[in-house]
Amino acid sequence: FVLLYNYYMYYTINSLKKETMMDVSVLPKIEKLVQELVGCIGVARVLRPRKSAPEARSVVINGDEPFVMASTFKMATAITLLHLVDKGQLQLSDLIDVPQDKMIEGPNPIVTNFFHGGCKLSVANLIEPMITESDNCAADVCLKAAGGPEAVTKMLRSIGITGQRIDRYCGEILRDFYGLPDVATHSVVAAASAKDPSLITKMSDRNLEFEKDPRDHSTP
């Protein structure tokens, strides 16, 4: 949900940008648009300094409200990996195993193209689809290489980000959201869908119990 809201607000803000040059006066216009939507919207954008307003400014709506962060944790995972590269603990050319238990369900190019065991990909070739195509398989492999959810959360705290927490791998998040018997690998989801075809339609439904869980949330 957070990503969809962000995409919507990105195009909304940029359509307003031509008129307002992203002055803080844009805030009431965004708030008016938000009132016409179903659900709770969170927006946070830092405005670049200008000659007429050199001080730091921002546009924030529901800035302290925690949202289910969905795939936005993938950016934090990439940053953690790149920190390891900067410190010489990892190289972008290092090859990492992509085991079958990390073949997570989703519109993932890795699962689609590498369905046999024995796959190895470089750190760079894992970060790329994780960020550009939101590949869940790449995300879980990257998250493990980064040291796991706790290590990524620790990195966020080290750079002053306190409103985001990473607790689970993608496969675990999907397992809990859909009530699967195990981590959401392609085989597990296929078996569960065959047993309960309605599982496919649940992909677009909200899970209020899942949203109450404070894990894997982020403020804008």
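Quick note: structure is the one above.
Keep in mind that what you see is a predicted model, and the values were worked out from it rather than measured.

Together, Met 75, Ile 79 and Ile 131 give the surface a local cluster of nonpolar side chains, amounting to about 240 Å² of exposed area. For Met 75, the location among the structural elements is in helix 3 (residues 73–86).

Using the criterion set out here, one finds eight salt bridges in the structure. Taking the shortest distance from any N to any O, the salt bridge between Arg 175 and Asp 176 comes out at 2.8 Å. What makes Arg 175 partly exposed here is its relative accessible area of 24%. Glu 209 is the salt-bridge partner of Lys 212, the closest N and O atoms lying 3.2 Å from each other. Of the two residues, Lys 212 and Glu 209 are both situated in helix 10 (residues 208–212); the distance of three residues between them amounts to about one turn of the helix. Residue Lys 212 shares its accessibility class with Glu 209, and that shared class is exposed. Linked by salt bridges that have partners in common, Arg 168, Arg 175, Asp 176, Asp 213, Arg 215 and Asp 216 make up one network.

The next subject is the nonpolar core. Grouped together as the largest cluster of nonpolar side chains are 31 residues, with contacts concentrated most on Phe 73, Leu 81, Val 98, Ile 110, Leu 126 and Ile 166. Counting residues per element, the ones that place at least two in this core are helix 3, strand 4 (95–98), helix 4 (109–113), strand 5 (119–122), helix 5 (123–132), helix 6 (136–145) and helix 7 (149–158). In terms of residue count, the dominant contributor to this core is helix 6 (six residues). The contact partners of Phe 73, leaving out residues within four places of it in the chain, are Ala 139, Leu 143, Ile 166 and Cys 170. In terms of nonpolar packing, the next biggest core, distinct from the first, is built from eight residues, Leu 174, Leu 180, Val 188 and Val 189 among them.

Rules used throughout
- Residues numbered from 1 in each chain as written.
- Predicted model: local features only at pLDDT ≥ 70, side-chain atom pairs only at ≥ 80, totals over all residues.
- Heavy atoms only, no water.
- Patch = residues over 30% accessible without salt bridge, like charges linked within 9 Å, V, L, I, M, F, W, Y side chains within 5 Å.
- Areas by Shrake-Rupley, 256 points an atom, 1.4 Å probe, with all protein chains shown as cover.
- Salt bridge = Lys/Arg side-chain N within 4 Å of Asp/Glu carboxyl O.
- Helix = DSSP H or I, 4+ residues; strand = E, 2+ residues; numbered from the N terminus.
- Buried < 20%, exposed > 50% of the residue type's maximum accessible area, 1.4 Å probe, protein only.
- Core = buried A, V, L, I, M, F, W, Y, C linked by side-chain atoms within 4.5 Å.
- Contact = heavy atoms within 4.5 Å.

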